[in-house]
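Spelled out from the first residue to the last, the chains are:
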Amino acid sequence: MITFNDVTVTFDDFTAVKQLNLEINEGEFFTFLGPSGCGKTTTLRTLVGFIQPASGSISLHGTDITALPTEKRGINMVFQSYALFPTMTVYENIAFGPTVSKRPKADIHRDVLDIAAKVDLKETQLEKKVSELSGGQQQRVAIARALVNKPNILVLDEPLSNLDAKLRVQLRAELKRLQKQVGITTIYVTHDQEEALTLSDRIAVFNEGNVEQVGTPAEIYEASATPFVCRFIGDNNHLTPLVQSDYESFAHVSLPEGHDFFIRVEKLSVRARDVSTPFDENEVRLEGELVDTEYYGLYTKCTVRVGEHDLRAVQINHEQLNALKHQPVHVVFDRRDVLQYPLEKVAVT
């Protein structure tokens, strides 16, 4: 549905987006994920028409829209700040676009009430000033104002970043429900990996103007394509220094030379040290000491010192970990869970 063809965006001598090639399917919840300054918001604003690319093209349903004015693209945007009119009522904010378009008043009224109901805004709230609403309610108004124009595409630029943690989780679920209910193609920008994983059908991970990987949340997390994606998504251990210093413990699982190794914290199991238990052929078992635990309610994060290196693990059994603290333990994991990447060769000059 949406295709970026070799899109490059520059600002003077700085290249913000580098030859981007990307396809977004109709009806998809697609997320641009990455750290600040990686090019994700610039890409979004280029799609909307606020920025013209230096080269390349953007097409919608096979039609080139690169030079098309913003208002003719059928794309509506929800900004991080919501950009609402604080002195207007909720009703007037939602009705603003259709009113400017001079649609019949009866149609506007029907559509405003319909979309307000879909985003869980009560009719009594429609007569309130926007400034009287909570942050979560203002976010619903911003989404309703975008949807009432019946766009082909809805884009959201970090719309939850100004909300407290509990409200962010609540509104994430509502956003996903609403997107599925309306069936609109949605493009979402965030630096929050948890938001991306829970909301998205697919994710593009940006880094320094490039897309490092495109895939489903499971593909991005379980099969991270590059060391950057692996480090950025989730919590992991960098195994390479340990492999290099304790090669004997890894020799039987034949990890390839010249690679960088990582493993997710939840893939490790911490057990009381037991030398009598036979090894599985794919098992790595390291001796260490449980030096620290952090209780999170549903799980506990722990730190095991293996030689001069610390490994972090997530465990469910809190009582067992408490009993093992400052005791010798085994850290056990399956070699098939190790993420591995060829080390980049440095050119000799």
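What counts as what
Residues numbered from 1 in each chain as written. Predicted model: local features only at pLDDT ≥ 70, side-chain atom pairs only at ≥ 80, totals over all residues. Heavy atoms only, no water. Helix = DSSP H or I, 4+ residues; strand = E, 2+ residues; numbered from the N terminus. Expected span 1.5 Å × (residues − 1). Buried < 20%, exposed > 50% of the residue type's maximum accessible area, 1.4 Å probe, protein only. Contact = heavy atoms within 4.5 Å. Core = buried A, V, L, I, M, F, W, Y, C linked by side-chain atoms within 4.5 Å. Salt bridge = Lys/Arg side-chain N within 4 Å of Asp/Glu carboxyl O. Pairing = 2+ DSSP bridges. Axes fitted to C-alpha atoms, helices over the stretch in contact; angles between N-to-C directions. Domains from an automatic or database assignment. Buried area = accessible area lost by both parts, 1.4 Å probe. Polar contact = N/O pair within 3.5 Å; in protein donor to acceptor, adjacent residues only side chain to side chain.

Moving on to helix H5 (residues 165–182). Taking 1.5 Å as the rise per residue, H5 with 18 residues should run 26 Å; its terminal C-alpha atoms sit 26 Å apart, in good agreement. Residues of H5 that are buried: Leu 167, Leu 171, Arg 172, Glu 174, Leu 175, Lys 176, Leu 178 and Gln 179. In this structure, the buried side of H5 is in contact with strand S3 (29–33), helix H3 (105–118), helix H4 (135–147), strand S7 (153–157), strand S8 (185–190) and helix H6 (193–199). Positive phi shows up at Gly 183, right after H5, with a value of about 75°.

Here the focus is the nonpolar core. Counting 34 residues, the largest nonpolar core has Val 90, Ile 94 and Ile 143 as its most contacted members. Of all the elements in the fold, those that place two or more residues in this core are helix H2 (90–100), H3, H4, S7 and H5. For this core, the element with the most residues is H4, which contributes six residues. With 28 residues, the next largest nonpolar core counts Ile 58, Ile 65, Ile 75 and Phe 206 among its residues.

Take the pattern of salt bridges next. Throughout the structure, instances matching the rule amount to 17 salt bridges. Here Lys 267 ties to Glu 222 by a salt bridge, and the two come within 3.6 Å at their closest N and O atoms. Note that Lys 267 is positioned in the loop between strand S12 (259–264) and strand S13 (269–272) and Glu 222 in helix H7 (residues 217–222), a separation of 45 residues in sequence. Residue classification places Lys 267 among the partly exposed residues on the basis of a relative accessible area of 25%. Close ionic contact of Glu 287 with Arg 273 constitutes a salt bridge, the shortest N to O distance being 3.7 Å. With Glu 287 in strand S14 (residues 283–295) and Arg 273 in the loop between S13 and S14, the pair connects residues that are 14 residues apart, well separated along the chain. Given a relative accessible area of 44%, Glu 287 falls into the partly exposed group. Since its relative accessible area comes to 36%, Arg 273 is described here as partly exposed.

This brings us to the sheet that holds S12. Sheet strands pair by backbone hydrogen bonding; their relative direction is either parallel or antiparallel. The strand order across the open sheet formed by three strands is S11-S12-S18, and the pairing between neighbours is antiparallel. Whereas interior strands pair on both sides, the edge strands pair on one side only; in this sheet they are strand S11 (236–238) and strand S18 (339–342). Strand after strand, the sheet turns through a mean of 25° between neighbouring axes, direction not considered. In terms of strand pairing, S12 meets S18 through four bridges, oriented antiparallel. The residue of S18 that forms the bridge with Asp 260 is Tyr 341.

Position of Arg 140 among the secondary structure elements: in helix H4. What Arg 140 contacts, discounting residues up to four positions off in sequence, is Val 119, Asp 120, Leu 121, Gln 170, Leu 171 and Glu 174.

This next bit is on unusual backbone geometry. Positive phi, close to 55°, is recorded for Asp 12, a residue that is not glycine. Tracing the backbone shows Asp 12 in the loop between strand S1 (2–11) and strand S2 (14–24). The residue Glu 208 is not glycine, and still its phi comes out positive at about 50°. Locating Glu 208 in the fold gives a position in the loop between strand S9 (202–207) and strand S10 (210–215).

For the rest of this paragraph, the subject is the domain arrangement of the protein chain. Buried accessible area, meaning the area lost when the parts come together, often serves as the stated size of an interface. You can read the domains of the protein chain as domain 1 (2–232) and domain 2 (236–342). One C-alpha centre belongs to domain 1, the other to domain 2; they are set 40 Å apart. At the junction of the two partners, domain 1 supplies nine residues and domain 2 supplies eight residues. At the boundary of domain 1 with domain 2, total buried surface from both sides reaches about 800 Å², with 49% on carbon and sulfur atoms. Looking only at domain 1, the three residues that lose the most surface to domain 2 are Tyr 221, Cys 230 and Arg 231, adding up to 63% of its buried area. Our enumeration of links across domain 1 and domain 2 arrives at one salt bridge. Applying the counting rule to domain 1 against domain 2 returns six residue pairs in polar contact (both at pLDDT 80 or more).

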